[in-house]
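Residues per chain are reported as follows:
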Amino acid sequence: MTIRYIDTRGNVEEPLEFSEAVIEGLASGGGLLVPVEVPHMTLDEIVALGHMPYRERAAFVYERFGVDFSHEELAELFEIIYADNFDVPDICPVVPVGEDGTYVLELWHGPTSAFKDMALQCLPVFFSASVEKQRQAGGPGNDYLIAVATSGDTGKAALQGFANREHTSIVVYYPDGGVSDIQFKQMATQLGDNVCVYGVRGNFDDCQTSVKRMFNDAAFNARLLSEHNIALSSANSINWGRLLPQVVYYISAYAQLVASGAVRVLAVHAALARQEASLLVVRDFKPRRRHEIPLRLAQHLKRLFVHGNCLVLGRALLELGRAGRTGVFRRIVQRGDEQEPDTAQQG
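None of these values were measured; they are calculated from a predicted model.

## Brief notes about the packing of aromatic side chains
Geometrically, a pair of aromatic rings is defined through the distance of the ring centres and the angle of the planes.
So, point 1. Within the structure shown, the criterion is met by 18 aromatic pairs.
So, point 2. With a centroid separation of 6.4 Å and an interplanar angle of 55°, the aromatic rings of tyrosine 5 and phenylalanine 18 are classed as tilted. In this pair, tyrosine 5 is assigned in strand E1 (residues 5–7) and phenylalanine 18 in helix H1 (residues 18–24), connecting sequence segments 13 residues apart. When sorted by exposure, tyrosine 5 lands in the same class as phenylalanine 18, which is buried.
So, point 3. Through successive ring pairs, a cluster of aromatic residues spans Tyr5, Phe18, Tyr54, Tyr62, Phe65, Phe69, Phe78, Tyr82, Phe86, Phe126 and Trp240.
So, point 4. Over the ring of phenylalanine 69 we find lysine 133, and its NZ or CZ is 4.7 Å from the ring centre.

Put into structure tokens, the structure is as follows:
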């Protein structure tokens with residue numbers, strides 16, 4: 001079964017396949033590409049996932065989302081992604097903290113030690129494979145420029161993932177003086193013939209807004225394609241190819257807890273599973289789509305807790321039902337400076 005993708009603003013007339021959505025990145029008109037439906041997983045499937053290697057769990061979730069890659073193609077792609085890019089074989093292990101039944105999902109074992117590696121080791125590989133699939137089907141033969149805005153951690157992870165990757169080059173914009181010293185050094189020293197980094201006078205929202213303007217500037221995009229044979233795409237969270245790997249590690253975490261006995265489930269209908277598990281998301285107050293999708297896939301997760309870091313957007317949405325810029329307050333965690341997440345429409 002193939003699941004197709006539509007955009008959040010209703011501008012996509014013909015729903016796209018997964019590979020097309022990955023290449024497109026941001027839909028025309030600024031909408032975000034999302035699946036037309038969210039698949040479900042049975043209790044038996046969840047239990048079985050806990051006994052699989054991580055790459056097989058990933059392939060299973062991708063197949064459940066009806067991606068237009070065969071089982072063999074997925075196995076080959078995930079072998080490339082997880083072969084030696086992470087420093088533990090479990091990729092993102094779930095480990096106990098203390099003796100009170102609290103567990104932590106470790107997402108820092110990738111090449112840049114940022115949790116963004118979990119998605120940005122996957123997206124570049126699938127992006128190149130999607131371009132190759134497009135070309136083999138007689139589609140356009142242009143290359144792609146990946147335009148990325150970062151508050152620090154996405155930048156290095158994206159550069160690392162796309163460095164020397166076929167059919168692509170990447171440019172990253174970060175707020176000058178608004179990232180940590182180690183983040184700046186990680187980005188500025190990235191090797192690769194197809195990478196470029198720019199500091200922007202302003203904050204993260206300024207970087208993000210500029211990137212979105214690039215996407216929405218029809219004249220600029222036409223000139224880029226006609227004169228340089230290059231089209232734009234994105235590696236930010238606006239790209240579904242970035243979000244799906246994040247769905248995988250939430251499902252994987254629950255499956256690991258079930259397999260280890262930390263979460264006990266009964267061999268009954270999924271809706272009657274009596275063991276209640278809580279999923280704590282330690283993340284900025286961005287919309288919950290990437291967290292809700294695993295919740296809907298695995299219906300046995302009963303509660304979802306979202307921990308925010310005081311983004312103005314969170315209060316505005318909860319109290320006023322709307323959001324907008326009100327002035328930036330510099331924080332130690334640069335991510336907290338963001339007020340207009342481009343993924344707001346995914347919620």
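## Examining helix H9 (residues 204–216)
So, point 1. With 13 residues, H9 should cover 18 Å at 1.5 Å per step; its first-to-last C-alpha distance of 19 Å lies within 8% of that length.
So, point 2. Tucked into the core, H9 has its buried residues touching strand E5 (143–149), strand E6 (168–175), strand E7 (195–200), helix H10 (218–228) and strand E8 (230–234).
So, point 3. Its side-chain oxygen 3.0 Å from the backbone nitrogen of aspartate 205, asparagine 203 forms the N-cap of H9.

## Quick notes on a negative patch on the surface
So, point 1. Together, Glu13, Glu14, Glu20 and Glu24 make up a negatively charged patch on the protein surface.
So, point 2. Note that glutamate 24 resides in helix H1.
So, point 3. Since its relative accessible area comes to 36%, glutamate 24 is described here as partly exposed.

## What about the pattern of salt bridges?
So, point 1. Under the definition given, this model contains 7 salt bridges.
So, point 2. One salt bridge connects arginine 64 with glutamate 45, and the closest N-O pair in it is separated by 2.7 Å. Of this pair, arginine 64 sits in helix H3 (residues 54–64) while glutamate 45 sits in helix H2 (residues 43–49), placing them 19 residues apart in sequence.
So, point 3. Aspartate 143 is paired through a salt bridge with arginine 135; the nearest N and O atoms lie 2.8 Å apart.

## Thoughts on the packing of H3 against helix H11 (residues 240–260)
So, point 1. Axis separation between H3 and H11 bottoms out at 9 Å; the angle between their running directions is 120°. When the axes of H3 and H11 are compared, the pair comes out oblique. Taken as a pair, H3 and H11 cross one another with a handedness that is right-handed. Facing H3, whose interface residues are Tyr54, Arg57, Ala58, Val61 and Tyr62, H11 presents Gly241, Leu244, Pro245, Val247, Val248, Tyr249, Ile251, Ser252 and Gln256.

## Considerations on the environment of phenylalanine 184
So, point 1. Structurally, phenylalanine 184 can be placed in helix H8 (residues 181–188).
So, point 2. Along the backbone, phenylalanine 184 and lysine 156 are 28 residues apart, and their C-alpha atoms lie at a distance of 8.5 Å.
So, point 3. In this structure phenylalanine 184 touches Tyr174 and Val179, once residues within four positions along its chain are discounted.

## Looking at the environment of glycine 25
So, point 1. Residue placement: glycine 25 occurs in the loop between H1 and strand E2 (33–35).
So, point 2. Take glycine 25: its relative accessible area is 0%, and that puts it in the buried class.
So, point 3. Here the alpha-carbon distance between glycine 25 and phenylalanine 215, two residues 190 residues apart in the chain, equals 9.7 Å.
So, point 4. Look past the residues within four positions of glycine 25 in its chain and what remains in contact with it is Leu33, Ser233, Ile238 and Asn239.

## Quick notes on a nonpolar patch on the surface
So, point 1. Together, Val97, Val104 and Trp108 line one region of the surface with nonpolar side chains, adding up to about 250 Å² of accessible area.
So, point 2. If you trace the backbone, valine 97 turns up in strand E3 (residues 94–97).

## A look at the sheet that holds E6
So, point 1. In space, the 4 strands of this open sheet follow the order E7-E6-E5-E8, with parallel pairing throughout. Edge positions in the sheet fall to E7 and E8, since each of these pairs with one other strand and no more. Taken pair by pair, the neighbouring strands of this sheet meet at an average axis angle of 25°, ignoring direction.
So, point 2. In terms of strand pairing, E5 meets E6 through 6 bridges, oriented parallel. Looking across to E6, one finds that alanine 147 is bridged to valine 171.
So, point 3. The strands touched by helix H7 (residues 153–162) are E5, E6 and E7; relative to E6, the strand with the most contacts, the crossing angle is about 170°.

Calculation criteria
Residues numbered from 1 in each chain as written. Predicted model: local features only at pLDDT ≥ 70, side-chain atom pairs only at ≥ 80, totals over all residues. Heavy atoms only, no water. Phe/Tyr/Trp six-rings, centres within 6.5 Å; stacked < 30°, edge-to-face > 60°. Helix = DSSP H or I, 4+ residues; strand = E, 2+ residues; numbered from the N terminus. Buried < 20%, exposed > 50% of the residue type's maximum accessible area, 1.4 Å probe, protein only. Lys NZ or Arg CZ within 6 Å of the ring centre and 35° of its normal. Expected span 1.5 Å × (residues − 1). Contact = heavy atoms within 4.5 Å. Polar contact = N/O pair within 3.5 Å; in protein donor to acceptor, adjacent residues only side chain to side chain. Patch = residues over 30% accessible without salt bridge, like charges linked within 9 Å, V, L, I, M, F, W, Y side chains within 5 Å. Areas by Shrake-Rupley, 256 points an atom, 1.4 Å probe, with all protein chains shown as cover. Salt bridge = Lys/Arg side-chain N within 4 Å of Asp/Glu carboxyl O. Lys, Arg positive; Asp, Glu negative; His and termini not counted. Charge placed at Lys NZ, Arg CZ, Asp CG, Glu CD. Axes fitted to C-alpha atoms, helices over the stretch in contact; angles between N-to-C directions. Parallel < 35°, antiparallel > 145°, perpendicular 65-115°, else oblique. Left-handed = near helix turned anticlockwise from the far one by under 90°. Pairing = 2+ DSSP bridges.

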